[in-house]
Amino acid sequence: MCSPRRGPDVKVRGHAAAVRASLSIDELKRRAAEGAVAFVKSGQRVGLGTGSTAKHAVAAIAERLRSGRLSDVTGCPTSTATEEQARAGGIPLLPWNGTDKLDVAIDGADEVDPSLWLIKGLGGALLREKSVAVRAQTFIVVVDESKIVTKLGTKAPLPVEVTRTSWRAEARFLETLGGKPALRGGEERPFLTDNGNVILDVRFVGGIDDPRAVALALDARAHVQAHGLFLEMADVVFVASARGVRRMDKPEQQP
Ligand code: 5RP
């Protein structure tokens, strides 16, 4: 393993189909993010997500702070990239270690299923993203419609962040779960996360039949630092399409 590099290099399959009208994918992402930022109130602690959709939310919060529509908002960034954007935009930041509860977090996703279960982590920030999402009272997800799936794992691979020394063993374990893991970036120049770990992108033929079982199996592995299954975490999802922005809410819990 030599010359580690940074930077996401994984694409979601079938991403092309999102827009038939004149709106660009980036404009759809911006509209979804605007819907979410309407949730943010003055005085709140806000988790700031990572990726090309979440960056629009960070920009919108910064703009509202500058214009006075919001005040006294502090941010908790989920990656060094988001931290840089937030600083440049003038959003005061919470110290990473000093933050317990957050009022709201806004982040993107790679797949969203009808229960609002997610795959996240193609941008490589999944560990901090999960840490922020679980501490947020309300976790809001912003996506364009290409991210909506009926079954998780049908478009995106499942990212699994593992320690550098143990990725081969974790890859073998993932195969026992029915996955086909690939080291992100390859062995010569593996992608490194902000936490100094590597990522296995795991394809499941036909999607993930039992996301809860896979999540539980991965949670029990000492060298798995984080995985991209965010189950029962999202409260609201804003989905932008050429027809407008729609809101999906977390289904009621069955008794
Ligand atoms: C980063 C993530 C991103 O939120 C996810 O990959 C979506 O990114 P984008 O909005 O650029 O499609 O999980 O780790």
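None of these values were measured; they are calculated from a predicted model.

1. Focus on the overall build of the chain
Counting its regular elements, the chain contains 6 helices and 13 strands. A buried classification covers 51% of the 255 residues belonging to the chain. A fraction of 76% describes how many contacts in the chain between residues 6 or more apart in sequence connect residues 24 or more apart. Within the structure as shown, the chain displays about 11,700 Å² of accessible surface, and the carbon and sulfur contribution to it stands at 49%.

2. Quick notes on the site of the ligand
Around the ligand, 18 residues are found, and the nearest of them are Ser52, Thr53, Asp110, Gly121 and Lys147. In this structure, Ala125 approaches the ligand through a main-chain N or O atom, which is 3.0 Å from an oxygen atom. Alone, the ligand offers 380 Å² of accessible surface; in the complex the protein occludes 91% of this. Looking at the shell around the ligand, its residues break down into 4 nonpolar, 8 polar and 6 charged.

3. Quick notes on the packing of helix α2 (residues 54-67) against helix α3 (residues 80-89)
When two helices pack together, their arrangement is given by the angle between their axes and by how far apart the axes lie. Running from amino to carboxyl end, α2 crosses α3 at an angle of 20°, the nearest separation of the two axes being 9 Å. Here α2 lies roughly parallel to α3, going by the angle between them. Crossing of α2 over α3 shows right-handed handedness. Facing Lys55, Val58, Ala59, Ala62 and Arg66 of α2, the residues of α3 in contact are Thr82, Gln85, Ala86 and Gly89. Considering only residue class, the contact of α2 with α3 consists of 4 nonpolar, 3 polar and 2 charged.

4. Overview of the packing of aromatic side chains
Each aromatic ring pair is described using two quantities: the centre-to-centre distance and the angle formed by the ring planes. Applying the stated criterion to the full structure yields 1 aromatic pair. Sitting above the plane of the Phe173 ring, Arg221 keeps its charged end 3.9 Å from the centroid.

5. So, the sheet that holds strand β12 (residues 236-241)
The sheet built from 6 strands is open, its strands ordered β2-β1-β3-β6-β12-β13 with mixed pairing. Each of the sheet's edge strands pairs with one partner strand only, and the pair in question is β2 (74-77) and β13 (244-249). Averaged over all neighbouring strand pairs, the angle between strand axes comes to 20°, with direction disregarded. Here 6 bridges tie β12 to β13, and the two strands are oriented antiparallel to one another. Residue pairing across strands places Val236 opposite Asp249, the latter belonging to β13. The strands that helix α4 (residues 126-135) touches are β1 (45-48), β2, β3 (102-107) and β6 (136-144); relative to β6, the one it contacts most, it runs at about 130°.

6. Let's talk about helix α5 (residues 167-176)
Three or four residues apart is the spacing at which side chains of an α-helix point the same way, because the helix has 3.6 residues per turn. Along α5, the residues that are buried comprise Trp167, Glu170, Ala171, Phe173 and Leu174. In an axial view of α5, the angular spread of the buried residues amounts to 160°, which keeps them on one side of the axis. Exposed and oriented more than 90 degrees from the buried face of α5 are Arg172 and Thr176. Its buried side turned inward, α5 meets β7 (158-162), β8 (180-183), β9 (198-203), α6 (211-219) and β10 (224-227). A positive phi of about 95° marks Gly178, the residue just after α5.

Definitions and cut-offs
- Residues numbered from 1 in each chain as written.
- Predicted model: local features only at pLDDT ≥ 70, side-chain atom pairs only at ≥ 80, totals over all residues.
- Heavy atoms only, no water.
- Helix = DSSP H or I, 4+ residues; strand = E, 2+ residues; numbered from the N terminus.
- Buried < 20%, exposed > 50% of the residue type's maximum accessible area, 1.4 Å probe, protein only.
- Contact = heavy atoms within 4.5 Å.
- Areas by Shrake-Rupley, 256 points an atom, 1.4 Å probe, with all protein chains shown as cover.
- Near = heavy atom within 4 Å.
- Polar contact = N/O pair within 3.5 Å; in protein donor to acceptor, adjacent residues only side chain to side chain.
- Nonpolar A, V, L, I, M, F, W, Y, C, P; charged D, E, K, R; others polar.
- Axes fitted to C-alpha atoms, helices over the stretch in contact; angles between N-to-C directions.
- Parallel < 35°, antiparallel > 145°, perpendicular 65-115°, else oblique.
- Left-handed = near helix turned anticlockwise from the far one by under 90°.
- Phe/Tyr/Trp six-rings, centres within 6.5 Å; stacked < 30°, edge-to-face > 60°.
- Lys NZ or Arg CZ within 6 Å of the ring centre and 35° of its normal.
- Pairing = 2+ DSSP bridges.
- Arc of directions from axis to C-beta.

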